Amino acid sequence: MSRYRAVFRCFSGCEGEWELTRAIYRCPKCDGLLAVEHDLEALRDRSAAAWMKLFDERYMRTSWPYGSGVWGKREWVAPAVRDDAIVSTSEGGTNLFWAERLGREIGMKVLWVKQCGNAHSGSFKDLGMTVLVSVVRQGMALGTIKSRVIACASTGDTSASLAAYGATAGLPVAVLLPRGLVSTAQLVQPLAHGATVFALETDFDGCMAIVKELAKRDLVYLANSMNPLRIEGQKTVAVEIAQQFDWEVPDWVILPSGNLGNAAALHAGFRMMKELGVIARFPRLCVAQAANADPMYRAFVAGKDVVEPTHAQKTQASAIQIGNPVSAPRAMAALKAMNGVVEEATEDELADACARADRTGLYTCPHTGVALACLFKLRERGVVGPDDRVVVVSTANGLKFTEFKLGYHERTLPGIDARRAGSPVVLPPDVEQVASAIAAMGAVGG
Ligand SMILES: [Zn+2]
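Numbers given to residues run from 1 along each chain, matching the order in which its sequence is written. Local features are withheld for residues below a pLDDT of 70 in this predicted model, meaning they are given only at 70 or higher, and side-chain atom pairs are given and counted only at 80 or more; totals for whole chains, interfaces and linings count all residues. To get the side-chain values, all heavy atoms of the structure are used, and hydrogens and water are removed first.

> Please clarify how the overall build of the protein should be interpreted in this entry.
Check the secondary structure of the protein and you find 16 helices and 13 strands. Only C-alpha atoms enter the radius of gyration, while the globule expectation follows 2.2 Å times N to the 0.38, with N the number of residues. Its C-alpha atoms give the protein a radius of gyration of 22 Å, within 12% of the compact-globule value 22 Å for 446 residues. Principal axes of the C-alpha set define a box for the protein whose edges measure 75 × 50 × 50 Å. Residue burial is assigned from relative accessible area. The probe radius is 1.4 Å, only protein chains are included, and a residue is buried under 20% of its type maximum, exposed over 50%, and partly exposed in between. Relative to its 446 residues, the protein shows a buried fraction of 59%. Helix and strand assignments come from DSSP, with helices taken as H or I runs of at least 4 residues and strands as E runs of at least 2, each series counted from the N terminus.

> Help me understand the sheet that holds strand S6 (residues 149–153), please; the structure alone is not making it clear to me.
Sheets are built from strands that pair by backbone hydrogen bonding, the pairs being arranged parallel or antiparallel. DSSP-based pairing: two strands are paired if at least 2 bridges between them are found. Taken in spatial order, the four strands make up an open sheet running S8-S7-S6-S9, and their pairing is parallel. Every other strand in the sheet has two partners, leaving strand S8 (196–200) and strand S9 (220–222) as the edge strands with one partner each. Put simply, the sheet's adjacent strands are angled 30° from each other on average, direction ignored. Looking at chain direction, S6 and strand S7 (residues 173–178) are connected through four bridges and run parallel. Of the residues in S7, the one forming a bridge with Ala 153 is Leu 176. Helix H5 (residues 157–169) rests against S6 and S7 of the sheet, and its axis sits at about 165° to S6. What counts as an axis is a line fitted to C-alpha atoms, over the stretch in contact for a helix, and the angles between N-to-C directions run from 0 to 180 degrees. Residues are treated as being in contact if the distance between any of their heavy atoms lies within 4.5 Å.

> What is the right way to read the pairing of strand S1 (residues 6–10) from this model?
Among the five residues of S1, four are classified as buried, and the element is accordingly described as predominantly covered. Pairing geometry for S1 and strand S3 (residues 34–38), over five bridges, is antiparallel. Paired with Cys 10 across the two strands is Leu 34, which belongs to S3. Bridge count for S1 against strand S2 (residues 18–19) is two bridges, and the pairing is antiparallel. Looking at S2, one finds that Phe 8 is bridged to Trp 18.

> I tried to follow the packing of aromatic side chains on my own but got confused; where do I start?
When we look at a pair of aromatic rings, we describe it by the centre distance and by the angle of the planes. Pairs were defined over the aromatic rings of Phe, Tyr and Trp, the Trp ring being its six-membered one, requiring ring centres within 6.5 Å. Orientation was assigned from the angle between planes: stacked under 30 degrees, edge-to-face over 60, tilted for the rest. Taken as a whole and judged by the stated rule, the model has seven aromatic pairs. Consider the rings of Tyr 4 and Trp 51, whose centres lie 5.8 Å apart with planes at 55°: the pair is tilted. Linking Tyr 4 in the segment before S1 with Trp 51 in helix H2 (residues 48–58), this pair joins segments that are 47 residues apart in sequence. Taking relative accessible area as the criterion, Trp 51 reaches 0% and is therefore assigned buried. Following the ring pairs from residue to residue traces out a cluster consisting of Tyr 4, Trp 51, Phe 55 and Trp 76. Whether a charge sits over a ring depends on NZ of Lys or CZ of Arg being within 6 Å of the ring centre and within 35 degrees of the ring normal. Cation over ring: Lys 73 sits above Phe 55, and NZ or CZ is 5.7 Å from the ring centre. Sitting over the ring of Phe 245, Arg 389 keeps its end group 5.2 Å from the ring centre.

> I keep staring at a nonpolar patch on the surface and nothing clicks. Help me out?
Side chains of Val 425, Leu 427, Val 434, Ile 438 and Met 441 sit close together on the surface and give an oily, nonpolar patch of about 470 Å² of accessible area. For Leu 427, the location among the structural elements is in the loop between helix H15 (402–409) and helix H16 (431–439). Two distance rules govern patches: like charges are joined within 9 Å, and nonpolar side chains (Val, Leu, Ile, Met, Phe, Trp, Tyr) within 5 Å, applied only to residues with over 30% relative accessible area and no salt bridge. Accessibility throughout is a Shrake-Rupley quantity obtained with a 1.4 Å probe, and a residue counts as covered only by protein chains that appear here. By convention in these notes, a salt bridge is any Lys or Arg side-chain nitrogen within 4 Å of a carboxyl oxygen on Asp or Glu.

> For this particular structure, what's the right way to read the sheet that holds strand S5 (residues 110–115)?
Strands sit in the order S4-S5-S13-S10-S11-S12 across an open sheet of six strands; the sheet is mixed. One side of each edge strand has no neighbouring strand; the edge strands of this open sheet are strand S4 (96–98) and strand S12 (341–345). On average, each strand axis in the sheet is tilted by 25° relative to the strand beside it, whichever way the strands run. In this structure, S4 lies alongside S5, joined through three bridges in antiparallel fashion. In the strand pairing of S5, Trp 98 is matched with Trp 112. Relative to the sheet, helix H14 (residues 366–380) contacts S5, strand S10 (252–256), strand S11 (284–290), S12 and strand S13 (389–394), its axis offset from that of S12 by approximately 115°.

> Sorry if this is basic, but what is going on with the pattern of salt bridges here?
Here the idea is simple: oppositely charged side chains can pair when their charged atoms come close. For the structure shown, the criterion picks out 29 salt bridges. Between Arg 74 and Asp 83 there is a salt bridge, with its nearest N and O atoms 2.8 Å apart. Here Arg 74 falls in the buried class, since its relative accessible area comes to 8%. The partly exposed category is assigned to Asp 83, whose relative accessible area is 40%. Salt bridges sharing partners connect three or more residues here, namely Arg 5, Arg 9, Glu 17, Glu 19 and Glu 37.

> When you look at the coordination of the zinc ion in this model, what are you seeing that I'm missing?
The reference angle at a metal is 109.5 degrees if four donors form a tetrahedron and 90 or 180 degrees if six donors form an octahedron. Metal coordination here is assigned from N, O and S atoms located within 2.8 Å of the ion, or within 3.2 Å for Na, K and Ca; omission of water means that sites may look incomplete. Distances from the zinc ion to its protein donors, Cys 10 (SG), Cys 14 (SG), Cys 27 (SG) and Cys 30 (SG), fall at 2.3 Å. What the four donor atoms of the zinc ion show is an angle range of 107 to 112° at the metal, which sorts the shape as tetrahedral. When the donors of the zinc ion are listed by position in the chain, the intervening gaps give C-x3-C-x12-C-x2-C. Of this pair, Cys 14 sits in the loop between S1 and S2 while Cys 30 sits in the loop between S2 and S3, placing them 16 residues apart in sequence. Tetrahedral means four donors with every angle between 85 and 135 degrees, whereas square planar (four donors) and octahedral (six donors) require angles over 155 degrees between opposite donors and between 65 and 115 for all others; sites fitting neither are termed irregular.

Structure (structure tokens):
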């Protein structure tokens, strides 16, 4: 038994605590969100230097399960999960792409892109899903979790990740998707993993309402990010970013966000490092939203503390097409603590940012395009300075969004002026014609 302890508590501070292996998703007293709280006093038995050394010794090594960027920090995540319950695909350890050329284009010296999409299922969701599915497996073994099926509503990446972890563990998975609103890759992934896929004639928020009711009836265990276990895993991205900079904190983290769980997770990770003395300050946070699904942006601009639900319009950034973000109260707390801002990007801006970044070697998903477009705006307004050290979190792999990429380069995306579209040069198989076309090419870069 670990000497460290973590429990569920009410996010708003109601009394009571519950074991992580209980199927509980909301505070029974106020119906608000739950949070995972760690016994920080127990964690102070190691100095900050000792934690950093331990995490560095484990990082990206083969000693199972510590090579995982999540389980390498297990004492900070879910300390009571036993080795035999852990379902891991070696999460985390994703690279920081030094966006040197893109940074130079916008007058910045230090721009990095944290490639969280270079993950097992192609998105950052794996970080949280490994924790959730491992805790569920332990809860099932203990008999505290009765439902046999793990389920989620999804805009794509969550279902792909849950299906992968369910299949790894041999646990049945059901996913509820808005029909016609997810990319082909995102639909294929859960099907390939043998999950039961429900395509419902509604949007994400409609799917979410149904899966919450199923969980209430104990028919399924709820895997959406309302479940704070996901946030515990995702918060390791903050620890990993600091670790990759030799435990220095960047000046800004720019994060595309729809359901806002990742904003809460980022804050949770930085907060834990600060409380345990690993870092001395927070980076500033920018929550980047698509203008077609921007409830937090609206609240921020109006100076409100509460995010009012909106009806999300269609956006190419389909994973953040969310009008009623579950983690809004958590994200508001993160924004305040991290001296944050919220920015938004139109469809044309996000697509252009993707194309621009791709020309400098990235291969961006549309959500990362939202984050980059927001960075460009912050840079233009001088909110982000030329010497600021900035990390843009890329949440999914661009390869999942081939329809978006193809649509851009074929100039068929509505409302998007594909200024940087490319198309193949069609020529007969004649060396002279190809040679003269080559000779006419301009130099790349500069
Ligand atoms: Zn409460």
